[in-house]
Amino acid sequence: MKGVSIIGATGSIGRQTLDIIAHHTDKLKVVGLTAGRDVEALTELALRWRPKLVAFSDPEAAKECKGKLSCPVLSEIEGLTEVASHPEADIVVIAIPTAKALLPTIAALRAGKRVALATKEVLVAGGHIVLQQLKKGGELLPIDSEHSALFQCLQGEDVSRVDKLILTASGGPFRTKSLDELKRVTVEEALAHPTWKMGAKVTVDSATLMNKGLEIIEARWLFGVSPERIEVVIHPQSIIHSLVEFVDGSVKAQLSLPDMRLPIQYALLYPERHPCPIQRLDLTKIGTLTFEPPDETRFPCLRLAKLAAQVGGTMPAVMNAADEIAVNAFLQRQIGFMEIPAIIEAVMERHRLIPNPDLDTVWEVDEWARGIAAELIRKFAAS
Ligand code: MG
């Protein structure tokens, strides 16, 4: 029996993790749950799953919840970190949508746990820091569907014999829109993803292709493959989740209907495979799988992410922070869709690169990038 703590239990990945645990109660049990500020949702989950402890990022929410549960209710990043390093947790699912998830990730690895990572921003902002920690102990497995696909294709293989990692992208809701049309798309259109149901930030990131850019950086740290050897192909059906091309020209792919519960289960039960409650793939019903190259003119975020991946140092953290602020401003209807890459690029141009940053430096540049992005948004909004 393995104990599981979920950092971000009330979100889309958190809830699907609980669904997988519900299907494998003979192998998995809940140890700790955390949420941002949704007292009602976390209380309901805690009453059903009876965790040893819970935590809220928001201290007010923690105060409000205290009388409602018999287990300890912790708060802020210290609380999340405590849930991530609880002695009874063997596996820690990291599923909160910002680089702040770096702290509970490091805490879990330091405590020797398996981290099942859904938050790609952790590796984007602090990949080299996570890798340093991994050398000392702990285990890191991807939940991101593309990276789970790559990880599955790499089982039994020698990574030094990999020629290319090929990440598939659905292309998002605006795949066929012209540059002019893209300037006028609405928040509602951006949030209507054709194949995946996800949180608002990652859905907008999928529409700009920034999500795929972040995934290039995530893949380079997870698999130790340089960014130049990581390619992106648009595959609108989201059936092939990614591919590995080896030096002999052989290509391995992983396929399934798009359902995050499969990569979640693989990360929780690895290396074992067990029945998973997803709908089975019937290729005769799918009929056709299509592929096209990504267009970096209409989707400049992909170009910016490749640049950040190549430059390295603090640049990916800066890009990631600027993206969060720009996406939020778009969701608040302060800026248009094509101003998201414009703002990110302007922040990246102003940044003075620091190679091999430590955690404090990552927070400093993160803070700096957020400030500059906010300033640029005010200028855009005023003009
Ligand atoms: Mg993904």
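Residues numbered from 1 in each chain as written. Predicted model: local features only at pLDDT ≥ 70, side-chain atom pairs only at ≥ 80, totals over all residues. Heavy atoms only, no water.

Asker: Please clarify how the overall build of the protein chain should be interpreted in this entry.
Answerer: A tally of regular secondary structure across the protein chain gives 17 helices and 11 strands. Taking 21 Å as the expected radius of gyration for a compact globule of 383 residues, we find that the protein chain reaches 20 Å, a close match to that expectation. Dimensions of the protein chain, computed from the C-alpha atoms along their principal axes, are close to 55 × 50 × 40 Å. Nonlocal contacts in the protein chain, meaning residues at least 24 apart in sequence, comprise 68% of its contacts between residues at least 6 apart. Carbon together with sulfur atoms contributes 50% to the accessible area of the protein chain, which is approximately 16300 Å² in total. Positive and negative charge centroids in the protein chain, built from 43 and 48 side chains respectively, lie 2 Å apart. (Helix = DSSP H or I, 4+ residues; strand = E, 2+ residues; numbered from the N terminus. Rg over C-alpha atoms; globule rule 2.2 N^0.38 Å. Contact = heavy atoms within 4.5 Å. Areas by Shrake-Rupley, 256 points an atom, 1.4 Å probe, with all protein chains shown as cover. Lys, Arg positive; Asp, Glu negative; His and termini not counted. Charge placed at Lys NZ, Arg CZ, Asp CG, Glu CD.)

Asker: Looking at this model, I keep getting lost on the layout of surface pockets. Mind explaining?
Answerer: Empty space among the atoms can be located by rolling a probe the size of a water molecule over them. Computed from the structure, the second largest pocket encloses a volume of approximately 220 Å³. Taken together, 15 residues line the second largest pocket, and the ones lying closest to its centre are Leu262, Arg273, Cys276, Ile278 and Arg280. The greatest single-element share of the lining of the second largest pocket, amounting to three residues, is contributed by helix 12 (residues 261-269). Across the lining of the second largest pocket, the residue classes tally to eight nonpolar, four polar and three charged. (1 Å grid on protein atoms, 1.4 Å probe; cavity = no way out; pocket = protein on both sides within 12 Å on 5 of 7 lines; lining within 4 Å. Points joined across faces, edges and corners; volume = space filled by probe spheres on them. Nonpolar A, V, L, I, M, F, W, Y, C, P; charged D, E, K, R; others polar.)

Asker: Honestly, the pairing of strand 2 (residues 28-35) in this entry has me stumped. Any pointers?
Answerer: Of all eight residues making up strand 2, seven are buried, and the element is well covered by its neighbours. As paired strands, strand 1 (residues 2-7) and strand 2 are joined by six bridges and run parallel to one another. Paired with serine 5 across the two strands is glycine 32, which belongs to strand 2. As for the winding sense of the linkage, the β-α-β connection from strand 1 through helix 1 (residues 12-23) to strand 2 is right-handed. The pairing of strand 2 with strand 3 (residues 53-56) spans four bridges and is parallel. By the bridge assignment for strand 3, threonine 34 is matched with alanine 55. Where the polypeptide runs from strand 2 across helix 2 (residues 39-49) and back to strand 3, its parallel neighbour, the crossover connection is right-handed. (Buried < 20%, exposed > 50% of the residue type's maximum accessible area, 1.4 Å probe, protein only. Pairing = 2+ DSSP bridges. Right-handed = clockwise from strand over helix to strand, strands pointing away.)

Asker: Mind showing me how you'd approach the coordination of the magnesium ion here?
Answerer: Donor atoms from the polypeptide that bind the magnesium ion are Asp144 (OD), Glu146 (OE) and Glu215 (OE), placed at 2.1 to 2.2 Å. Donor residues for the magnesium ion sit on one chain with the sequence pattern D-x1-E-x68-E. Placement of the pair is glutamate 146 in helix 7 (residues 145-153) and glutamate 215 in helix 11 (residues 210-223), with a sequence separation of 69 residues. Given a relative accessible area of 7%, glutamate 146 falls into the buried group. (Donors = N, O, S within 2.8 Å, 3.2 Å for Na, K, Ca; no water.)

Asker: So what exactly am I meant to see when it comes to unusual backbone geometry here?
Answerer: Note: most residues except glycine have negative phi, and most peptide bonds are trans. Here tyrosine 270 and proline 271 are connected by a cis peptide whose omega angle stands at 5 degrees. Mapped onto the elements of the fold, proline 271 is located in the loop between helix 12 and helix 13 (283-286). The phi dihedral of arginine 333 is positive, around 65 degrees, even though this residue is not glycine. By the element assignment, arginine 333 lies in the loop between helix 15 (315-331) and helix 16 (339-350).

Asker: Would you take a moment to explain the domain arrangement of the protein chain for this structure?
Answerer: By a widely used convention, the size of an interface equals the accessible area lost when the partners come together. Segmenting the protein chain into domains produces domain 1 (2-142), domain 2 (147-257 + 282-302) and domain 3 (312-383). The junction of domain 1 with domain 3 conceals about 920 Å² of combined surface from both sides, 70% of it contributed by carbon and sulfur atoms. Here domain 1 is connected to domain 3 by zero salt bridges. There are one residue pair in polar contact (both at pLDDT 80 or more) connecting domain 1 and domain 3. Of all the secondary structure elements, the ones that give two or more residues to the side of domain 1 that touches domain 3 are helix 5 (102-110) and helix 6 (121-136). (Domains from an automatic or database assignment. Buried area = accessible area lost by both parts, 1.4 Å probe. Salt bridge = Lys/Arg side-chain N within 4 Å of Asp/Glu carboxyl O. Polar contact = N/O pair within 3.5 Å; in protein donor to acceptor, adjacent residues only side chain to side chain.)

Asker: Got a minute to help me understand the pattern of salt bridges in this structure?
Answerer: Side-chain pairs of opposite charge can arise whenever the charged atoms involved come near each other. Under the criterion given, the structure shown has 25 salt bridges. Put simply, aspartate 259 and arginine 261 hold a salt bridge, and the shortest N to O gap is 2.9 Å. Residue class for arginine 261 comes out buried when judged on its relative accessible area of 18%. Across the pair glutamate 324 and arginine 370 runs a salt bridge whose closest N-O atoms are separated by 3.2 Å. Here glutamate 324 is found in helix 15, whereas its partner arginine 370 is found in helix 17 (residues 359-382), with 46 residues between them in sequence.

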